[in-house]
Amino acid sequence: MRTWIFISIIFLGYPTGLFAQQAALKGRVIEAVSNEPMPFVNVIVSGTSIGAITDIDGNFQLKGLNPGFVRVQASFIGYHSALSSEIEINNAKVAFVEIRMEKRDTEIEEVTVSVSPFRKTEESPVSLKTIGIAEIEKSPGANRDISKVIQSFAGVLSSPSFRNDIIIRGGGPSESRFYLDGVEVPNINHFATQGASGGAVGILNADLIREVNYYSGAFPSNRGNALSGVFEFAQVDGNDDKLKFKGSLGAAEVSTTLDGPLSEKTSFIVSARRSYLKLLFTALKLPFLPTFNDMQFKVKTRFDAKNELTFIGLGAIDQNELNLDIKNPDEQQTYILGQLPENKQWSYTLGAVYKHFRENSYQTLVVSRSQLSNTATKYFENDESSESNKILDYTSQEVENKIRFENNMRMDGFKANIGANIDFAGYSNTTLQKRFYDGDILNVNYDTELNLVKYGIFGQISHEFMAERLTLSAGFRMDANNYSLGMNNPLKQFSPRISASYQLTPEWSLNLNTGRYFQLPAYTTLGYKQNNQFVNKTNQLKYISVDHFIGGLEFKPATAVQFSVEGFLKNYGNYPFSVKDQISLANKGADYGVIGDEEVTSTSKGRAYGAEFQARISSAKGYNLNLSYTLVRSEFQDGNNQYIVSAWDSKHILSMTGSAALKRGWQVGTRFRFVGGLPYTPWDLDRSSLISAWNLTGGPYFDNSKLNAERFGVFHQLDVRVDKAYYLKKMTLKFYIDIQNLYNFQAQSTDQVVRETDDSGNFLTADNDTRYVLRSVKNPSGTVLPTIGIQVEF
């Protein structure tokens, strides 16, 4: 009772006077290419009449603002009007925003007053969405986890499992790439699935994120090695004026963020988080006990108007233990304890981005290092008394050292970018495991040391025609590496792309893109050994390829309103195909552990096609709506070269997220998700019952002869969230209540298979003690999950 009284006081007990217009905002307007300050530019807070004109150094200051999330728009003759990313302002500190403006190719005397928040670039007129910080901070059901926020957007599959797999337009979960301030980050999730992109919880801290650009196609040529998605995360800069602190208590972790000036020209921002899931799961008597920690930082130095250097870092330490102290575990606990290994994982990325600006161009040099360490051990029946009981001993590391150079230019109305990259990668793996295939036991016992040199070149050129009504862009990239002779020829990985956008009327535009993209198979596949040989090199492993064909219509009846519809077709080639399981690896990856450490051939083909509709409203008054529907089919070839549905063939994906900023610091939001029933492969109970097979893994086996032959029921879920903010004079306090799965929908998932026991707890056997007696147990998932979060900033 006292808890609810306390919550009521928090949400209701402060007077209206705390929300007077006391917030202020400083900023600077600069030329996008030369980085020179722009004087006499008109700036205005979007949706208000509060504005200013920049001084001779491009600086401006705005006062008397309502605290909350705002955007600032800038306009100047001869330049495209610009809109800043979202920024939060409050009474306790003066926020800072930087706005970059691009020259027009055609001289006009009129100045556009309104600017749309929905971004479209020359290179990517389709399949590009921008996610602002307000959506990330207050997205219902996401708990400030960026990976979960992404699942609200068109084409992204949202599953009922507690995972952050990013599955776009029917592709697999290993087909996306991630960039943090221009530095490629291989892993953005805790407890990551090695060889794919998913995990349990996102590593990125929302406190440091300014906005996200999400590409589901039309990838710029400087972003390689992706088949289905590219994500660009832009971070905020540290405060230039004074030291700031922010502390947060969320659903699974506690975090702190500190930022401020290091010198007159250098600022920093750093955060650290630690989970308390182990304590919580122990109290709930769950069979696994995860702990995660992460750290993120950015240091930026502006030497002068022409030179700047940014250092970024992201790291995580994860550990998952089994809760073997549970007394008399039930069937579900026994099932999980029998299958799940104990796992330790850590990863980091460190990067430096140097930019040098000239009058009509700027150069970017990116140097980074990333490393992933992953270990897993499993003993049969969790009996560690003898090494003979060990059924899995896995240790692996992936290291990447990357260098990328880009030259961005503006010449006579043409926009161009050319560059090159070289990567030095290392992969090591020590695996001891036994696998059961077709009645035989395969001993997987190998040590791998693999060193690769990967390189690529790229270029893109864009131009506007017909008084900026028609925009064309063409680009290419070529990639290669020294893994094999076949992969060392960049012409085999020639990747062209073309985009076009035509403005039919001021409100309507037609957008098109086509391109061919390549992705290197996972290191787990490249480095897999049998009989001390790189068997997949012998099998002439190739780059995976995909051809995209995308067309769409866009309608903007108002500045803050956008409707779009896109059709897409993706044709895959050279997808890795499992020799033993006789399935495409495109069907794997949405589970914990390791994907791709097996013998494969580059022989699988696939296709994904469909259409997307999206409606977005982003009002400066705080009303937001994101409604998306995707019709998608996803098919890959089986062992008989017949197309069958993939594990991601959901058919229908519907997502609706809405929020409203109310008076006195209140905000309410809701998210509804609907996903058509996903295909699944049933268990092979005959094979699983063999004692010799079960004891190798501690669990059942799929019947891949019936690959994706069954479908789950549909999944749907409603999440709601209520936020309350207090913008005090010296600090900002925020509280929220987030309720996931409000009406307690029970999603269907794969049955659990358990071994029958007698009254004494001994496992029953059959066929002369060669088989266990098995039983399937229904395994619905879903529960009402309320969360209370607290944030304090000063």
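Rules behind the numbers
Residues numbered from 1 in each chain as written. Predicted model: local features only at pLDDT ≥ 70, side-chain atom pairs only at ≥ 80, totals over all residues. Heavy atoms only, no water. Core = buried A, V, L, I, M, F, W, Y, C linked by side-chain atoms within 4.5 Å. Buried < 20%, exposed > 50% of the residue type's maximum accessible area, 1.4 Å probe, protein only. Helix = DSSP H or I, 4+ residues; strand = E, 2+ residues; numbered from the N terminus. Contact = heavy atoms within 4.5 Å. Salt bridge = Lys/Arg side-chain N within 4 Å of Asp/Glu carboxyl O. Polar contact = N/O pair within 3.5 Å; in protein donor to acceptor, adjacent residues only side chain to side chain. Patch = residues over 30% accessible without salt bridge, like charges linked within 9 Å, V, L, I, M, F, W, Y side chains within 5 Å. Areas by Shrake-Rupley, 256 points an atom, 1.4 Å probe, with all protein chains shown as cover. pLDDT = per-residue confidence, 0-100. Pairing = 2+ DSSP bridges. Axes fitted to C-alpha atoms, helices over the stretch in contact; angles between N-to-C directions. Phe/Tyr/Trp six-rings, centres within 6.5 Å; stacked < 30°, edge-to-face > 60°. Lys NZ or Arg CZ within 6 Å of the ring centre and 35° of its normal.

Regarding the nonpolar core
Next up, step 1: Formed by 29 residues in total, the largest nonpolar core has its most connected members in Ile 136, Ile 146, Ile 150, Leu 180, Val 212, Phe 231 and Phe 233.
Next up, step 2: Only helix H2 (133-138), helix H3 (146-150), strand S11 (176-180), strand S15 (209-215), strand S16 (229-235) and strand S21 (307-322) provide two or more residues apiece to this core.
Next up, step 3: Excluding its chain neighbours within four sequence positions, the residues that come into contact with Ile 150 are Ile 131, Val 156, Ile 166, Phe 231 and Phe 233.
Next up, step 4: Ranked by size, the runner-up nonpolar core spans 22 residues in total, among them Val 29, Met 38, Leu 65 and Ala 95.

Some remarks on the environment of Val 367
Next up, step 1: Mapped onto the secondary structure, Val 367 falls in strand S23 (residues 361-379).
Next up, step 2: Given the relative accessible area of 39%, Val 367 is considered partly exposed.
Next up, step 3: With 14 residues separating them along the chain, Val 367 and Val 353 place their C-alpha atoms 6.7 Å apart.
Next up, step 4: Setting aside its immediate chain neighbours within four residues, Val 367 contacts Leu 350, Gly 351, Ala 352 and Lys 402.

Quick look at the pattern of salt bridges
Pairs may arise between side chains of opposite charge once their charged atoms sit close together.
Next up, step 1: Taken as a whole and judged by the stated rule, the model has 58 salt bridges.
Next up, step 2: Between Glu 137 and Lys 246 there is a salt bridge; the shortest N-O distance is 3.6 Å. Note that Glu 137 is positioned in helix H2 and Lys 246 in strand S17 (residues 244-249), a separation of 109 residues in sequence. Considered together, Glu 137 and Lys 246 belong to a single accessibility category, that of buried residues.

Things to note about the side chain of Asn 587
Next up, step 1: Assignment of secondary structure puts Asn 587 in the loop between strand S33 (561-578) and strand S34 (600-618).
Next up, step 2: Polar side-chain contacts of Asn 587 include one of 3.0 Å to the backbone nitrogen of Ala 647.
Next up, step 3: Engagement of the side chain of Asn 587 in a polar contact is seen with the side chain of Asn 708, the distance being 3.0 Å.
Next up, step 4: When residues no more than four places from it in sequence are discounted, the contact partners of Asn 587 are Val 645, Ser 646, Ala 647, Trp 648, Leu 707 and Asn 708.

Observations regarding a nonpolar patch on the surface
Next up, step 1: On the surface, Leu 504, Trp 508, Leu 510, Leu 512, Leu 553, Phe 563, Val 565, Phe 613, Tyr 629 and Leu 631 cluster together into a nonpolar patch covering about 780 Å² of accessible area.
Next up, step 2: Of all the elements in the fold, those that place two or more residues in the nonpolar patch are strand S29 (508-519), S33 and strand S35 (623-637).
Next up, step 3: Residue contributions to the nonpolar patch peak at three residues, all from S29.
Next up, step 4: Here Leu 504 is to be found in the loop between strand S28 (494-503) and S29.
Next up, step 5: Accessibility expressed as a relative area gives 38% for Leu 504, which makes it partly exposed.

Section: the confidence of the model for the chain
Detail in the predicted coordinates should be disregarded across regions flagged by low pLDDT.
Next up, step 1: With 96% of its residues at a pLDDT of at least 70, the chain reaches an overall mean of 91.
Next up, step 2: Across residues 1-20 the pLDDT falls below 50, and counting only partners more than four positions away or on other chains, this stretch makes 33 contacts in the model.

Remarks on the sheet that holds strand S12 (residues 183-184)
Next up, step 1: Across the sheet, which stays open at both edges, the five strands sit in the order S10-S15-S16-S11-S12 with mixed pairing between neighbours. In the strand order of this sheet, the two ends are held by strand S10 (128-132) and S12, each with one partner.
Next up, step 2: Relative to S16, S15 is paired through six bridges, and the arrangement is antiparallel. Each residue of the ladder has a partner; that of Ile 209, found in S16, is Gln 235.

A look at the sheet that holds strand S1 (residues 23-31)
Next up, step 1: Sheet architecture is open: three strands sit in the order S4-S1-S9, paired in mixed fashion. The open sheet is flanked by strand S4 (59-65) and strand S9 (95-101), the only strands paired with a single partner. Taking the axes of each pair of neighbouring strands and ignoring which way they run, one obtains an average angle of 25° across the sheet.
Next up, step 2: For S1 and S4, the ladder comprises five bridges, and the chain directions are antiparallel. Counted as the bridge partner of Gly 27 is Phe 60 from S4.

Re the packing of aromatic side chains
In this description, an aromatic ring pair is defined by two values, namely the gap between the centres and the angle between the planes.
Next up, step 1: Considering all chains together, one arrives at 25 aromatic pairs under this definition.
Next up, step 2: Residues Tyr 680 and Phe 712 carry aromatic rings whose centres are separated by 4.1 Å and whose planes lie at 10° to one another, so their mutual orientation is stacked. Taken as a pair, Tyr 680 in strand S39 (residues 679-680) and Phe 712 in the loop between strand S40 (710-711) and strand S41 (715-727) lie far apart in primary sequence, 32 residues in all.
Next up, step 3: Since its relative accessible area comes to 17%, Phe 712 is described here as buried.
Next up, step 4: Taken together, the aromatic side chains of Phe 153, Phe 178, Tyr 214, Phe 231 and Phe 233 make up a single cluster linked through ring pairs.
Next up, step 5: A cation sits over an aromatic face here: Arg 721 above Tyr 736, 3.9 Å from the ring centre.
Next up, step 6: The side chain of Arg 755 reaches across the aromatic face of Phe 763, ending 3.7 Å from its centre.

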